[in-house]
Each structure stands twice: as C-alpha cells, then as structure tokens.
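Next come the chains, spelled out residue by residue.
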Amino acid sequence: MSANPATTDEVLIGRIANGDRLAMQVLFARHHVRVYRFVLRLVRNESTAEDLISEVFLDVWRQANKFEGRSQVSTWLLAIARFKALSELRRKPEQELDEEMAEAIEDTSDTPEVALEKKDKSEILRKCMTSLSAEHREIIDLVYYHEKSVEEVAEIVGIPEATVKTRMFYARKKLAELLKAQGIERGWP
Amino acid sequence: MNAKNNKETREDIELLLPWHAAGTLSRRDTQRVEQALANDNELAARYELVREELGEAIRLNESLGAPSARAMETLFAKIDAEPVRKPRMSFSLSAWVGDFVASLSPRTLAYGATAAALAIVLQAGLIAGVFIKEQQAGPQLASYEQQDSLSGGSFVLIRFNPQASVSDITRFLQDNKAIVVGGPAVGSGMYRLRVADKALPQAELGAIVKRLAQDPVVGLTVPSAQP
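Keep in mind that what you see is a predicted model, and the values were worked out from it rather than measured. (Residues numbered from 1 in each chain as written. Chains lettered and ligands numbered in written order. Predicted model: local features only at pLDDT ≥ 70, side-chain atom pairs only at ≥ 80, totals over all residues.)

**Observations regarding the packing of helix 8 (residues 134-145) of chain A against helix 10 (residues 161-181) of chain A**
Residue and element names in this part refer to chain A. The interhelical angle for the contact between helix 8 and helix 10, taken along N-to-C directions, is 110°, at an axis separation of 9 Å. One way to sum up the angle between helix 8 and helix 10 is to call them roughly perpendicular. Between helix 8 and helix 10, the contacting residues are H136, I139, I140 and V143 on the first element and R167, M168, A171 and K174 on the second. In terms of residue class, the contact of helix 8 with helix 10 is made up of 5 nonpolar, 1 polar and 2 charged. (Axes fitted to C-alpha atoms, helices over the stretch in contact; angles between N-to-C directions. Helix = DSSP H or I, 4+ residues; strand = E, 2+ residues; numbered from the N terminus. Parallel < 35°, antiparallel > 145°, perpendicular 65-115°, else oblique. Contact = placed C-beta atoms within 7 Å. Nonpolar A, V, L, I, M, F, W, Y, C, P; charged D, E, K, R; others polar.)

This is the structure we're talking about:
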C-alpha cells in the first residue's frame, strides 16, 4: 500500500496515542478487514471475530503510546489479534469447538471420486486449507495472504525463525496429505 | 560430502519457497532461491505447487468478506466510554518498569516483559505480605524459610507472549500454581518459574511444559535445571 508519509501507520499510531479519534478511524478502515479475516480463520465464527477485532483495536487505542515502531503496525495488530483469538478459543467449551471442526471438515467424508466430481482441484485445495489445524492455518495465512516475512511471523507467533520455516513446511506437508486423501496426488512430498 | 552439502542446501532453499512466492525474502535469499530454481527442475516443479497454494490461500481469504458496521460501532462506543486521557504523571510505576525491562531485553518483548515484571512485583508484594503476616503471627517463621522454599522444586524457563497483560500473566501463574523466581534473562527475556515445590521426574516436568505451552500467555517454555 502506498501512503503519504504524513499518514503512515506509524504517524497514525502517534496521533492515536494523543487521543486522536479520527486517526483511529483511519487506522481501523485501513486494517480491519485483514485483521478480521485472520481472526475469523482462527475462531471460525463471524460474530466472535467481529467482537474480537473491536477488542484488538481497543487495545491499540489504549496501548498506542507503547508502540515503538520496531515492527510494522500490521504485524503488531496481527500479534494482538492472534493473542485475542487464542484466548477466546481457550475459553470456548470443547464441545462447541468440536462441532465447528466437524462442520469445517464434513465434506471430507466423500469418497475421492465423488469429491472430484463435485469440485474442481482449486476448490478442494481451499477446502483442505480450512481443514488444517489452527496452528497450520495461521502460518499459511500469515505467509501467503498477510505477506509476512520469516522474521515477522516469528514475532507474531512468538517462535524462533527456524521453527517458522519448519512449521510452514509441515503445514504444507499436511495440506498435501489432505489433498491425497481427496484423490489429488501432487507428487510431493 | 558434497552430495550431503547439496542436499542440505536444497532443503534449506525449499523451506524458503513460500516466502519467495510471496515476495517477502531478502534480496540475498531471493538470489539464492532464483539460482537454485534455475538449476534444479524438481525444485522448480515444487515451486509451482507453492505458487498454486499461494493463489488459493488468497482466494480463500478474499472470500471471507468483511465485518459488519457493528464492529466499528462497538469499538467507538468503547472508546467513548474510556476515561479522558490525562497528561503524563510525573512518576508512573508501570512506565518505569517498562523502561527498565526495555533496557535489558529486545524491545519487541517489552510489553510482555513489562507485564511479567509487574506480575513479579505483585508476587513480591504478596510474598512480603505473607512474610510480615507470618512474622506477626510468631517468631518461628524466618525469611530464610521463604527463600529456601523458593530454591527447591521444579523449574521451567518461560518467555511470555508480548501481548499478555498483567492480569493474563497473574491468571496464568495462579492457574498453574507457579511462582516467578527469576528473570528476565538479558537478551532472551526468559523468566524462571517454579512449577512444583519438589523435584519432579523429567517426564512429568516435560508434561507440565507441554501443558503450559498451550496457554496463549506463553511464547516459549522449556524445562530448567534448579537455579
């Protein structure tokens, strides 16, 4: 995103730290959709995701004066969002989580032939991406959709950079296994 | 030896393919990957799989839509309900602890470290409170006993999530009956926690570490030898 130097995210955070409500609106407009999608992929509930992004940006309002500009604002936002989402998942009853998980993977009960008839390869690939574990979903999204570098993912997830690389590798490997179970052999791994 | 080195290099390059596809590698790594792709057909075929995943991950996320106006309305209703910001006080304990911790550890850890440091202050207050209360109750309780009780047991090293608040960490410590006995270590920002008052078998301590790691408050945790 190209931005006028006067309105970079960092400048907005500085204004928010001084209680500038308009700066908060601009920052929210700029980032809320991506933050929402990141949270939604983790909690799998639209209403919960909406509640959580309000909480994320409220934290920004409250803690803007602590932001030190060592990382991108979007990285900071995703780190807060991840923490809120995981805390929410931790509070949820197991039964509720199981039901959501079952909904997400219900189509995998199809035989490979039926699945191939019903959907094209791209659609199956996306479906398999939703069936990954939360840990694997988040790293796939951070790298591919949120365009976060190895260092930024390490900061958001709170793991060493080497672990970021291997976790991404295993997420992709798991994805290939899910695809194979759906009758799609990619020749890797 | 050469074959082994080539294999390691190839595996190393393969790990970077997702970031190469997303365009988020450094210039140096980009050159390494491009050179490897030009000379290795199998790696190039695998890169096509990565590009396919990248495209579908974007399509999947873009299909998720956007939040309703309710999210923004809720946010600004909460902001309006926040107390009006006052000018900085001449002395703020939390700011002072934050500055102190930031001077010892990477700044990215400052928020979590601040919260953990405050949790330590709170714990220290509780310990002092208990000590004073015990002293008032009778002379048989000495400070040596308190120190001794903290020096034995089973310990883990822990790095708190930078987003964890004081209340999150306090809740975490209470839930797990853990006590902060040291830290943060310069550089790593790791704290030492006592998780049991006796030395546990390695397997049992490993199970505790695994359980603690599930908590979102925790960034990283490993077993620790007795201090």
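Read on, since the account is not over.
**Observations concerning the sheet that holds strand 1 (residues 154-160) of chain B**
Residues and elements named next belong to chain B. Sheet architecture is open: 4 strands sit in the order 2-3-1-4, paired in antiparallel fashion. Of all the strands in the sheet, the pair left with one neighbour each is strand 2 (179-182) and strand 4 (218-224). Pairwise comparison of adjacent strand axes, ignoring direction, gives a mean angle of 35° for this sheet. Summarising the sheet, strand 1 and strand 4 pair through 6 bridges and their orientation is antiparallel. Among the inter-strand pairings, F160 is bridged to a residue of strand 4, identified as V218. On top of the sheet, helix 9 (residues 202-213) reaches strand 1, strand 3 (191-196) and strand 4; it is set at about 175° to strand 4, its chief contact. (Pairing = 2+ DSSP bridges.)

**Details of the nonpolar core**
Judged by nonpolar contacts, the single largest core of 67 residues is most densely connected at V39(A) and A81(A). At 11 residues, the largest contribution of residues to this core is made by helix 2 (residues 21-43) of chain A. Discounting chain neighbours no more than four positions away, the residues touching V39(A) are A49(A), L52(A), I53(A), A81(A) and A85(A). Counting 17 residues, the second-largest nonpolar core is a separate cluster that includes F155(B), F160(B), I169(B) and L193(B). (Core = buried A, V, L, I, M, F, W, Y, C linked by C-beta atoms within 7 Å. Buried ≥ 20, exposed ≤ 12 C-beta atoms within 10 Å, placed from the backbone.)

**A word on helix 9 (residues 150-157) of chain A**
Residue and element names in this part refer to chain A. Within helix 9, 6 of the 8 residues are buried, which leaves the element mostly enclosed by the surrounding structure. Taken as a whole, helix 9 has its buried residues at V150, E152, V153, E155, I156 and V157. Once helix 9 finishes, G158 follows within two positions and takes phi at roughly 80°, a positive value.

**Digging into the interface of chain B and chain A**
As a measure of interface size, the accessible area lost when the parts come together is often cited. With 36 residues of chain B at the interface, the matching set in chain A holds 49 residues. When contributions to the side of chain B that touches chain A are tallied by element, the ones reaching two or more residues are helix 1 (2-22), helix 3 (41-62), helix 4 (69-81) and strand 4 of chain B. Taken together, the residues that form the side of chain B that touches chain A break down as 20 nonpolar, 8 polar and 8 charged.

**Section: the confidence of the model for chain A**
All names here are of chain A. Looking at chain A, the pLDDT average stands at 87 and 83% of residues meet or exceed 70. Within chain A, the lowest mean pLDDT, 50, falls on helix 5 (residues 94-105), and the highest, 97, falls on helix 8. Residue range residues 104-108 is modelled with pLDDT below 50. Its contacts to residues more than four positions away, or to other chains, number 7 contacts. (pLDDT = per-residue confidence, 0-100.)

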